[in-house]
Amino acid sequence: MAEKRASILRAARPILLRDGLGGTTLDRVAAEGGIAKMTLYRHFPSKEALFEGLVTAMCAYMREGLENAPSADIGKSGADRLADELRAFTSALIEPDALALYRLIVADGWRFPGLARVFDQSGMRVIRRRIAELLETAGVPSDRSRQVAAEVVALALGDAYQRAVLGIVEEADGDAFARQIDAAVKHGLSGPA
C-alpha cells in the first residue's frame, strides 16, 4: 500500500511541480503516470489530497536530507563550518524541484495552512536549528542563537534566492550567493548587536 502510494506520488510529482494545483487533474496524472484511475482515486480522492501527499513527501525528504547532512567538520574554524553549512543549504534550495515546491506553497499554501506549516517545519526550521547549534559552538549565547540563526539564513539567501524563485537567472548569481554567505557569516559571528 505504501509503495503504491509512493509510486503515484513519483508519477504526479513532475506534473504538479510543472503545472501547479490549478493546472493538474487526477485524470491527467493517471494518464501521464500510467496509473489506473481506480488506484489513483483510492489513494488520493482529490487533487488537493494528491497535493497534500506530494508536499508532505517532499518535505519529509528535504527534512531528512537536512537532518542527516554531515555535521560541519569540527577541525575547521566556526566561520568555515558556518559557511559550509550555508553553502550546502543554499545549493539544496536552488535545485529545480525545491524551487518548484516553494512556488507551489507560495501559490496554493494559503488554502492549505497545515501544508505551509509542514513546509516551514521541514526546511527553514531545520536549517535555523542547525545554524543556531553552530553559532552556539562558536560562542553565540544560547538565548540569542535562534534569532541570530534566522538573520543569518535570511542574509545567506538574500536577493539571489529571490531571483531564483522568480526564475530570473543572472550570470553572477553564484558570486552573489558567495557574497551573501560571507555577509551572513560575519553577521552571525560578530557578537551581540
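Refer to the structure presented above.
## Some remarks on the overall build of the protein
Right, on to step 1. Secondary structure assignment for the protein yields 10 helices and 0 strands.
Right, on to step 2. Reading the protein from its N end, one meets helices and strands in the order α-α-α-α-α-α-α-α-α-α.
Right, on to step 3. Each principal axis of the C-alpha atoms in the protein carries an extent, and together these give about 60 × 35 × 30 Å.
Right, on to step 4. Split into buried and exposed, the 193 residues of the protein put 40% on the buried side.
Right, on to step 5. In the protein, 68% of the contacts between residues at least 6 apart in sequence involve partners at least 24 apart.
Right, on to step 6. Total accessible area on the protein is roughly 10,400 Å²; 55% of this is exposed by carbon and sulfur atoms.
Right, on to step 7. Taken together, the 25 basic and 26 acidic charged side chains of the protein have centroids lying 5 Å from each other.

## Topic: the environment of A160
Right, on to step 1. Within the fold, A160 resides in helix 9 (residues 142-166).
Right, on to step 2. A160 sits in the buried class, given a relative accessible area of 0%.
Right, on to step 3. Between the C-alpha atoms of A160 and I15, which are 145 residues apart in sequence, the distance is 26 Å.

## Quick notes on helix 2 (residues 26-33)
Right, on to step 1. Every buried residue belonging to helix 2 is among L26, V29 and A30, and all of these are buried. The arc enclosing the buried residues of helix 2, seen along the axis, measures out at 100 degrees, which places them on a common side.
Right, on to step 2. Buried positions along helix 2 lie against helix 1 (2-19), helix 3 (37-43) and helix 4 (47-67).

## A closer look at the packing of helix 4 against helix 7 (residues 113-122)
Right, on to step 1. Relative orientation of the contacting elements helix 4 and helix 7 amounts to 10 degrees, with a least axis distance of 8 Å. The angle between helix 4 and helix 7 falls in the class roughly parallel. Crossing of helix 4 against helix 7: the hand is left-handed. Residue-level contacts link F51, E52, V55, T56, C59, A60, M62, R63 and L66 of helix 4 to L115, V118, F119 and S122 of helix 7.

## Considering the side chain of D108
Right, on to step 1. Considering the arrangement of structural elements, one finds D108 in helix 6 (residues 96-108).
Right, on to step 2. On the basis of relative accessibility, which here comes to 7%, the residue D108 falls in the buried class.
Right, on to step 3. Among the polar contacts made by the side chain of D108, one reaches the side chain of R111 at a distance of 2.6 Å.
Right, on to step 4. With sequence-adjacent residues up to four places away left out, D108 is seen in contact with L21 and F51.

## So, helix 8 (residues 124-137)
Right, on to step 1. Taking 1.5 Å of rise per residue, the 14 residues of helix 8 would be expected to cover 20 Å, and the 20 Å separating its terminal C-alpha atoms lies within 8% of that figure.
Right, on to step 2. Those residues of helix 8 lying buried are V126, I127, R130, I131, A132, L134 and L135.
Right, on to step 3. For helix 8, the elements touching its buried residues are helix 4, helix 5 (78-93), helix 7, helix 9 and helix 10 (173-188).
Right, on to step 4. Looking one or two places after helix 8, you find G139, whose phi comes out positive at around 105 degrees.

Criteria and thresholds
All residue numbers refer to position in the chain's written sequence, counted from 1. Local features in this predicted model are restricted to residues of pLDDT 70 or higher, and side-chain atom pairs are both shown and tallied only at a pLDDT of 80 or more, whereas totals for entire chains, interfaces and linings draw on every residue. As a rule here, side-chain values come from all non-hydrogen atoms in the structure, and water together with hydrogens is ignored. The numbering of helices and of strands both runs from the N terminus, where a helix is a DSSP run of H or I of at least 4 residues and a strand a run of E of at least 2. Exposure is judged per residue with a 1.4 Å probe applied to protein chains only, and the accessible area is read against the type maximum: over 50% gives exposed, under 20% gives buried, and values in between give partly exposed. Contacts are assigned to residue pairs with any non-hydrogen atoms lying within 4.5 Å of each other. To measure how exposed things are, a 1.4 Å probe is used in the Shrake-Rupley method; for residues, cover is taken only from the protein chains shown. The charge count treats Lys and Arg as positive and Asp and Glu as negative. His and the chain ends do not count. Here the site of a charge means atom NZ of a Lys, CZ of an Arg, CG of an Asp or CD of a Glu. As used here, the arc belongs to the directions running from the helix axis to the C-beta atoms. Axis lines are fitted through C-alpha atoms, for helices just across the contact stretch, and the angle between N-to-C directions can take any value from 0 to 180 degrees. Note that the term roughly parallel is reserved for angles under 35 degrees, roughly antiparallel for angles over 145, roughly perpendicular for angles of 65 to 115, and oblique for everything else. Left-handed describes a crossing whose near helix is turned anticlockwise from the far helix by less than a right angle; the clockwise case is right-handed. For the purposes of these results, a polar contact is taken to be a pair of N or O atoms within 3.5 Å, where, inside protein, one atom must be able to donate a hydrogen and its partner to accept one; residues adjacent in sequence count only when each atom of the pair is a side-chain atom. Multiplying 1.5 Å by the residue count of a helix minus one yields the expected span of that helix.

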